[in-house]
Amino acid sequence: MNDNTNPNNTISGVLVVDKPVGYTSHDIVQIIRRGTGIRRAGHTGTLDPRASGVLVVLLGPAVRLSEYVSASDKRYQAVIQLGTTTDTYDADGQILTNNPVNITEEQFVAALQSFIGEIEQVPPPYSAVKVKGRKAYEMAREGEEIDLQPRKITVYSLELLEWAPPEAVIDVYCSSGTYIRSLANDLGKMLGCGAHLVGLRRTKSGRFTLRDAVPLRKLKEAFEQGNWYQYVIPAAEALSDWPSVELTSEQVEAVRHGHRIPGKAGIGKMTRGISEQGELIALLEFDPATSEWQPKKVFYQ
């Protein structure tokens, strides 16, 4: 069945997967493409193979929401091992140093507090960040010196969940682009004993939590049974923390063709244009000079 006649290609929505350890984010997207028959599919924020948890996959025209959904805040549970550093900042790497751990719970909590707020963070050398057009991890594998520049990130909260030295489990609520491996490494530096990440579970991505996520095993079963549609979340919900404007059928037609429609101030700079049936029609930007909504991305063709 080609793309034009496959009814699945009219689907625009979100599949939230509870990714198991051992799969890359790309593996999950490939499984979803095969299972749904939808070629347009993409995730909104990589999870390392060693990490598990919430992976948001956009389907069909909804992939065009990616830049907005990817920028959403994230939440993690991280297991940090104190006393040992590795070249990758996680358990996959080569051990660089081993130190005794003489840290109290109070000292650990105090160190955590210093990472809350807007901070500068240097990405790990083994990451997909590009340096002069090349991926950092490719350069690191070849033993090249890498000059990674710090980036501004925001850590909204850090909470110690479990203290079992040399391991500690923490809850991290942070902006998109935060590397939890770097956080573990920097924390170890501050404490003077070194540290690396040994476990990571993403519990929230944007408005989606583990409660919204379907285990991969269940999703695979649904593909075989042909009832996977039940897990598709409407595209409009991917940005449900954005304001919305309900469009009349006449306004839907206007927006569809890229025309502006009347608006009023006070709703927000960007909003979702939703049909009377609750379907996401477009993302609209407010023009205060003319008090009109300008279509920025149209999803309804």
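Residues numbered from 1 in each chain as written. Predicted model: local features only at pLDDT ≥ 70, side-chain atom pairs only at ≥ 80, totals over all residues. Heavy atoms only, no water.

1. Regarding the pairing of strand β3 (residues 52–59)
Right, on to step 1. Counting buried positions over the eight residues of β3 gives eight, a clear majority of the element.
Right, on to step 2. When strand β2 (residues 41–43) meets β3, the two strands line up antiparallel, connected through three bridges. Bridge pairing in β3 links Gly42 to Leu58.
Right, on to step 3. Looking at chain direction, β3 and strand β12 (residues 195–205) are connected through two bridges and run parallel. Its bridge partner being in β12, Gly53 is matched across the sheet by Arg202. (Buried < 20%, exposed > 50% of the residue type's maximum accessible area, 1.4 Å probe, protein only. Helix = DSSP H or I, 4+ residues; strand = E, 2+ residues; numbered from the N terminus. Pairing = 2+ DSSP bridges.)

2. Things to note about helix α7 (residues 249–256)
Right, on to step 1. Of the positions making up α7, those classed as buried are Val252, Ala254 and Val255. Down the axis of α7, the sector holding all buried residues measures 165°, keeping them to one side.
Right, on to step 2. The elements touched by buried residues of α7 are β16 (244–247), β17 (261–262), β18 (270–275), β19 (280–287) and β20 (292–298).
Right, on to step 3. Looking one or two places after α7, you find Gly258, whose phi comes out positive at around 80°. (Arc of directions from axis to C-beta. Contact = heavy atoms within 4.5 Å.)

3. Overview of unusual backbone geometry
Right, on to step 1. Following Pro165, the chain continues into Pro166 via a peptide bond in cis, with omega recorded as 10°.
Right, on to step 2. Relative to the helices and strands, Pro166 resides in the loop between β10 (151–164) and β11 (167–174).
Right, on to step 3. A positive phi is found at Ser291, a non-glycine position, where the angle reads about 55°.
Right, on to step 4. You can see Ser291 is positioned in the loop between β19 and β20.
Right, on to step 5. Ser291 gets classed as partly exposed once you look at its relative accessible area, which sits at 35%.

4. Comments concerning the sheet that holds β16
Consider a sheet: its strands pair through backbone hydrogen bonds, and that pairing is either parallel or antiparallel.
Right, on to step 1. Taken together, the five strands give an open sheet; going across it, the order is β16-β18-β19-β20-β17, and neighbouring strands pair in mixed fashion. Only two strands of the sheet have a single neighbouring strand rather than two, namely β16 and β17.
Right, on to step 2. Pairing of β16 with β18, which is carried by four bridges, proceeds in the parallel orientation. Bridge pairing in β18 links Ser244 to Arg272.
Right, on to step 3. Its contacts with the sheet put α7 on β16, β17, β18, β19 and β20, and the angle it makes with β16 is roughly 110°. (Axes fitted to C-alpha atoms, helices over the stretch in contact; angles between N-to-C directions.)

5. Some details on the packing of helix α1 (residues 25–36) against helix α6 (residues 216–225)
Right, on to step 1. The geometry of α1 relative to α6 is characterised by a closest axis approach of 9 Å and an angle of 20° between their N-to-C directions. The orientation of α1 with respect to α6, classified from their angle, is roughly parallel. Two packed elements cross with a definite hand, and for α1 against α6 that hand is left-handed. Residue-level inspection shows Ile28, Ile31, Ile32, Gly35 and Thr36 of α1 in contact with α6, the latter providing Leu216, Leu219, Lys220 and Phe223.
Right, on to step 2. Among the residues forming the contact of α1 with α6, the class breakdown is six nonpolar, two polar and one charged. (Parallel < 35°, antiparallel > 145°, perpendicular 65-115°, else oblique. Left-handed = near helix turned anticlockwise from the far one by under 90°. Nonpolar A, V, L, I, M, F, W, Y, C, P; charged D, E, K, R; others polar.)

6. A short note on the pairing of β19
Right, on to step 1. The element β19 is extensively covered by neighbouring structure, given that eight of its eight residues are classed as buried.
Right, on to step 2. Pairing of β18 with β19 involves five bridges; the strand directions are antiparallel. Counterpart to Thr271 in the pairing with β19 is Leu284.
Right, on to step 3. Counting the residues that bridge the hairpin from β18 to β19 gives four residues, and of these Gly278 lies at a positive phi of roughly 90°.

7. Considering the packing of aromatic side chains
How two aromatic rings sit relative to each other is given by the distance of their centres and the angle of their planes.
Right, on to step 1. Going through the model one piece at a time under the given rule, you end up with six aromatic pairs.
Right, on to step 2. Centre to centre, the rings of Phe108 and Trp163 are 5.2 Å apart; their planes meet at 40°, and the pair counts as tilted. Here Phe108 is found in helix α3 (residues 105–113), whereas its partner Trp163 is found in strand β10, with 55 residues between them in sequence.
Right, on to step 3. Note on Phe108: relative accessible area 0%, which makes it buried.
Right, on to step 4. With centroids separated by 5.1 Å and ring planes inclined at 65°, the aromatic side chains of Phe286 and Trp293 adopt a geometry described as edge-to-face. In terms of burial, Phe286 and Trp293 fall into one category: buried. (Phe/Tyr/Trp six-rings, centres within 6.5 Å; stacked < 30°, edge-to-face > 60°.)

8. A look at the confidence of the model for the protein
Right, on to step 1. When the pLDDT values of the protein are averaged, the result is 90; 91% of them are 70 or greater.
Right, on to step 2. Within the model, the stretch residues 1–5 combines pLDDT values under 50 with four contacts to residues more than four positions away or in other chains. (pLDDT = per-residue confidence, 0-100.)

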